Amino acid sequence: MNTTLRIAGVVRESIVDGPGIRFVVFVQGCPHRCRGCHNPQSHDFSGGYEISIEKILDEIEKDPLLRGVTFSGGEPFCQPGPLAELGKKVRAKGLGIIVYSGYTFEQLTAMSQEKPEVLALLEQCDVLIDGPFLAEEKSLELEFKGSSNQRTIDLQ
């Protein structure tokens with residue numbers, strides 16, 4: 001089991017990546033490369049740095065104000081195994097999980113047929129925000145989404 005992630009960075013307390021105060025893990029590497037992406041530095045699969053999921057968990061545990069953890073990117077489903085493992089440990093601490101993905105839920109369920117780690121990560125998600133960011137559908141009035149094509153899916 002892979003217990004390290006390649007990440008672009010973290011935000012220890014965010015109020016824009018889901019409800020309440022959230023710890024956000026921005027994974028490194030994204031195949032979508034959406035025009036107008038707010039994290040273009042996370043696209044390169046060889047960028048960022050490696051970190052153990054235990055180190056991330058240690059940082060999460062330091063903040064008693066957290067309501068949950070958000071996996072963003074980059075594309076989280078390019079590293080589903082270690083994120084699923086981190087998600088299990090986060091959920092065991094009573095925190096919720098939100099995952100942003102440029103893939104749609106339907107694409108992810110199809111991918112999970114050949115890559116079971118994708119399903120393992122979906123099983124840890126409380127909420128999936130799916131679909132690519134589309135600059136022509138961008139709206140600042142959407143809650144926790146960048147463009148109107150993206151869906152907020154309650155997976156619980």
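Up top is the structure.
All values derive from a computational prediction rather than experimental measurement.

A. Spatial organisation of helix 2 (residues 80-92). With 13 residues, helix 2 should reach 18 Å at 1.5 Å per residue; the first-to-last C-alpha distance of 18 Å fits that figure. Those residues of helix 2 that fall on the buried side of the exposure criterion are Pro80, Pro82, Leu83, Ala84, Glu85, Leu86, Gly87 and Val90. Buried residues belonging to helix 2 abut strand 1 (4-14), strand 2 (22-27), helix 1 (53-61), strand 4 (68-72), strand 5 (96-100) and helix 4 (116-124). One or two residues past the end of helix 2 sits Gly94, with phi positive at roughly 85 degrees.

B. Focus on helix 1. The set of residues buried in helix 1 consists of Ile53, Ile56, Leu57, Glu59 and Ile60. Viewed along the axis of helix 1, the buried residues span an arc of 160 degrees, placing them on a single side of the element. In the core, the buried residues of helix 1 are packed alongside strand 1, strand 2, strand 3 (49-52), strand 4 and helix 2.

C. Here's a closer look at the side chain of Gln28. Tracing the backbone through its elements, the reader meets Gln28 in the loop between strand 2 and strand 3. Judged by its relative accessible area of 4%, Gln28 falls in the buried class. Of note is the side chain of Gln28, whose polar atom sits 2.6 Å from the backbone oxygen of Asp44. Not counting residues up to four positions away in its chain, the partners in contact with Gln28 are Arg6, Ile7, Ala8, Gln41, Ser42, His43, Asp44, Phe45, Gly47, Gly48 and Gln79.

D. Representation of the pattern of salt bridges in the model. On inspection of all chains with the given rule, the structure shows 11 salt bridges. A salt bridge links Glu59 to Lys62; its shortest N-O distance comes to 2.9 Å. A relative accessible area of 14% places Glu59 in the buried class. The partner of Arg151 in a salt bridge is Glu106, with the nearest N and O atoms 2.6 Å apart. Note that Arg151 is positioned in strand 7 (residues 151-154) and Glu106 in helix 3 (residues 105-111), a separation of 45 residues in sequence. Each of Arg12, Lys55, Glu59 and Lys62 takes part in salt bridges that share partners, so that together they form one network.

E. Structural context of unusual backbone geometry. Following Gly73, the chain continues into Gly74 via a peptide bond in cis, with omega recorded as 10 degrees. Non-glycine residue Phe144 carries a positive phi angle of around 65 degrees. Among the secondary structure elements, Phe144 is positioned in the loop between strand 6 (127-130) and strand 7.

F. Molecular detail of the pairing of strand 4. Buried residues dominate strand 4, accounting for five of its five residues. Pairing of strand 2 with strand 4 involves five bridges; the strand directions are parallel. Each bridged residue has a counterpart across the sheet, and for Val25 the counterpart in strand 4 is Phe71. Where strand 4 meets strand 5, four bridges bridge the pair, whose relative direction is parallel. Bridging from a neighbouring strand, Thr70 pairs with Ile98 of strand 5. In this fold, strand 4 hands off to helix 2, which returns the chain to strand 5; that crossover is right-handed.

The rules behind the values
Residues numbered from 1 in each chain as written. Predicted model: local features only at pLDDT ≥ 70, side-chain atom pairs only at ≥ 80, totals over all residues. Heavy atoms only, no water. Helix = DSSP H or I, 4+ residues; strand = E, 2+ residues; numbered from the N terminus. Expected span 1.5 Å × (residues − 1). Buried < 20%, exposed > 50% of the residue type's maximum accessible area, 1.4 Å probe, protein only. Contact = heavy atoms within 4.5 Å. Arc of directions from axis to C-beta. Polar contact = N/O pair within 3.5 Å; in protein donor to acceptor, adjacent residues only side chain to side chain. Salt bridge = Lys/Arg side-chain N within 4 Å of Asp/Glu carboxyl O. Pairing = 2+ DSSP bridges. Right-handed = clockwise from strand over helix to strand, strands pointing away.

Read these as layout, nothing more, since geometry by itself doesn't imply function.
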